[in-house]
Amino acid sequence: MGILALQVIALLCIAAVVYSYVLYPFVLASVAAVVQTLRDAGYVFRKRERRVRGDSELPAVAVVISAFNEERHIRQRVDNLLALDYPPHLLKAYIGSDGSRDATGAILSACTDPRIAAFVFEQNRGKANVLNDLVGRVKEPIVVFSDANTFFDRGALRKLVAHFSDARVGGVSGELRLLGSDGDNQDSLYWRVEQFLKFFEARIGGLLGANGAIYAIRRSLWQPLAADTICDDFCVAMNISAGRHRLVYEPAAWAEEETPQDIGDEYGRRVRIGIGNFQALVRHPEYLWRTSAGTAFTYVSHKVLRWIAPHLLIAALLASLALGVQSPAWGVFAGLQLVAYVAAAGLYALSKGGHSLPSILRIPAFLFALNWAFLVASKRFLSGQYSGSWRRTSR
């Protein structure tokens, strides 16, 4: 391979990663500002109502939850659903225990409220199969998906369903607030950036997937999932987007969930999600060409480039090392990359070993864990070393 080709590979690969993690939020905000300006101008000239009307008749809603070994949370989750500010005659929860080996099934079977439809499946079939089964039983026009260890704000359902008064809307994603052992975890820089991106992506019509803890779709738009689907929330929402229906983000409809304090636990979760990401990328190319231009732009910038970021960084390092044989400058550049990766790996090892790191040092440790998880996930996906069955973590 020629020197010029190696230089292009090294620089483009690093530029792509820097763009996705650093520059993309600024580019997105700029694009969103232009889109909003055009939207405002259109409103001025056409005089059409552009806000969601919340005074329409409330629809019947089905909350669907697939649970596996959730005896710690399931009773509280049921109580949380029954306490929601939504007309009782319009609310029904379909909760399935997917072959749980603890008391989850017994707790669900003891529920006597007619709003709770409990299904205790003896065989562990995987979340996607349970969701297919449960949604197949739903008659209500709006389906809200959630998890057994998530707790809705009392008014969350009303805020979610308000958007369906617009016939163009096919799905609505709420906001998940992560809680640590010492309370609100919203100060997490990465989580705040993700919320920022979600808000502006929705503004340009490019919302990516939905938050599995709290999102709603029209029952008529549901498409059954492949049995081994891992990122069910992403695929369900993107199927709606690929059908040219709008996805909306409603941060006022929020839910809470505990976040793991152990970065190692979060790493295991990231590996599994990463496998699901590559699964969706390979199986659903239509997410690039059947969705809107805004969605295609955000999908590549926010998702695809991040999923392949470790592969890009490895390619850049190998190209830099090859160039370093002939050029001292490239040798220094390759050395700096190696030092950065080793340092980040060391910080991750310290964090995983229980050492408390200063906030500024948690960022490279987290990014190393994230990218290492994507690298491992890609290997396991390509080798077929995964299934649609559950893997229990704190989240």
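Residues numbered from 1 in each chain as written. Predicted model: local features only at pLDDT ≥ 70, side-chain atom pairs only at ≥ 80, totals over all residues. Heavy atoms only, no water.

Engineer: Please explain helix H12 (residues 328-352) as it appears in this structure.
Structural biologist: Two residues of an α-helix separated by three or four positions point the same way, owing to the 3.6 residues in each turn. The first and last C-alpha atoms of H12 sit 36 Å apart over 25 residues, in line with the 36 Å expected at 1.5 Å per residue. Backbone geometry just downstream of H12 places Gly354 in the positive-phi region, at approximately 100 degrees. (Helix = DSSP H or I, 4+ residues; strand = E, 2+ residues; numbered from the N terminus. Expected span 1.5 Å × (residues − 1).)

Engineer: It is not clear to me how unusual backbone geometry should be interpreted in this structure. Could you clarify?
Structural biologist: Apart from glycine, the bulk of residues carry a negative phi angle, and the bulk of peptide bonds sit in the trans form. Unusually for a residue other than glycine, Asn69 sits at a positive phi of about 50 degrees. Phi at Arg244 takes a positive value of approximately 70 degrees, unusual for a residue other than glycine. Along the chain, Arg244 falls in the loop between helix H7 (232-242) and strand S9 (246-258).

Engineer: Where do I start with the nonpolar core in this structure?
Structural biologist: Across soluble globular proteins, you tend to see nonpolar side chains buried next to one another. Counting 64 residues, the largest nonpolar core has Val64, Tyr94, Phe145, Ile217, Trp222 and Phe234 as the members making the most contacts within it. Within the second largest apolar cluster, 36 residues are counted, among which are Ile65, Leu84, Ala148 and Ala253. (Core = buried A, V, L, I, M, F, W, Y, C linked by side-chain atoms within 4.5 Å. Buried < 20%, exposed > 50% of the residue type's maximum accessible area, 1.4 Å probe, protein only.)

Engineer: Is there a simple way to think about the pattern of salt bridges in this case?
Structural biologist: Two side chains of opposite charge can pair, provided their charged atoms sit close to one another. Enumeration over the complete set of coordinates arrives at 13 salt bridges. For the salt bridge of Glu258 with Arg72, the shortest nitrogen-to-oxygen distance reads 3.0 Å. Within this pair, whereas Glu258 is found in strand S9, its partner Arg72 is found in the loop between strand S1 (61-67) and helix H2 (74-82), the two being separated by 186 residues in sequence. Look at Glu258 and you get partly exposed, because its relative accessible area is 44%. The class for Arg72 is exposed, based on a relative accessible area of 57%. Arg158 is the salt-bridge partner of Asp85, the closest N and O atoms lying 3.4 Å from each other. Taken together, the positions of Asp85 in the loop between H2 and strand S2 (91-98) and Arg158 in helix H5 (residues 156-161) put the pair 73 residues apart, joining distant regions of the chain. (Salt bridge = Lys/Arg side-chain N within 4 Å of Asp/Glu carboxyl O.)

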